[in-house]
Amino acid sequence: MRTGRMFHRDAQTFLVHLFGQGLEDSRYVVEMYRSRPDGQIEPIEPEQPRTKGRRRPRRKIVSRGAVREMRPERDQIIVCTALNLKASGIQYWGASAVGFLATRHAR
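Residues numbered from 1 in each chain as written. Predicted model: local features only at pLDDT ≥ 70, side-chain atom pairs only at ≥ 80, totals over all residues. Heavy atoms only, no water.

## Re the nonpolar core
With eleven residues, the main nonpolar core is built from L23, Y28, V30, V62, V67, M70, I78, C80, A82, I90 and Y92. For this core, the elements supplying multiple residues, two or more each, are β2 (27-35), β5 (76-82) and β6 (89-94). The greatest single-element share of this core, amounting to three residues, is contributed by β5. Residue contacts for V62: discarding those within four places in its chain leaves S26, R27, Y28, V30, V67 and M70. (Core = buried A, V, L, I, M, F, W, Y, C linked by side-chain atoms within 4.5 Å. Buried < 20%, exposed > 50% of the residue type's maximum accessible area, 1.4 Å probe, protein only. Helix = DSSP H or I, 4+ residues; strand = E, 2+ residues; numbered from the N terminus. Contact = heavy atoms within 4.5 Å.)

Put into structure tokens, the structure is as follows:
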């Protein structure tokens, strides 16, 4: 019997974390992150056209329906924060980003 990482290609396992009032708002700001094998988390920049001058990049704002349909990749973390409700939203964590299946050798 093999005990190790046995992933099925069609498995769609991820962790959902609701915070604050959850999905009570109608619009959400979306931030995406990628977890590396060493445990570090780095932001994924959204694909947007370049702006001239000093303008800040625009935030990605989506509807509640679009947030419900989002699914993270295996090593991806998606954080959706409500625009009008303070500290409310949802987080989606991919199976590898959670770290349950990672082999860690602490010294």
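## Regarding unusual backbone geometry
With phi around 55 degrees, A87 is a residue other than glycine that occupies positive phi space. Within the secondary structure, A87 is located in the loop between β5 and β6. Given a relative accessible area of 52%, A87 falls into the exposed group.

## Some thoughts on the side chain of Q76
Relative to the helices and strands, Q76 resides in strand β5. Judged by relative accessible area, Q76 falls into the buried class, the value being 7%. Among the polar contacts listed, one links the side chain of Q76 to the backbone nitrogen of E73, at a separation of 3.1 Å. (Polar contact = N/O pair within 3.5 Å; in protein donor to acceptor, adjacent residues only side chain to side chain.)

Function-wise, these values are silent; they only describe arrangement.
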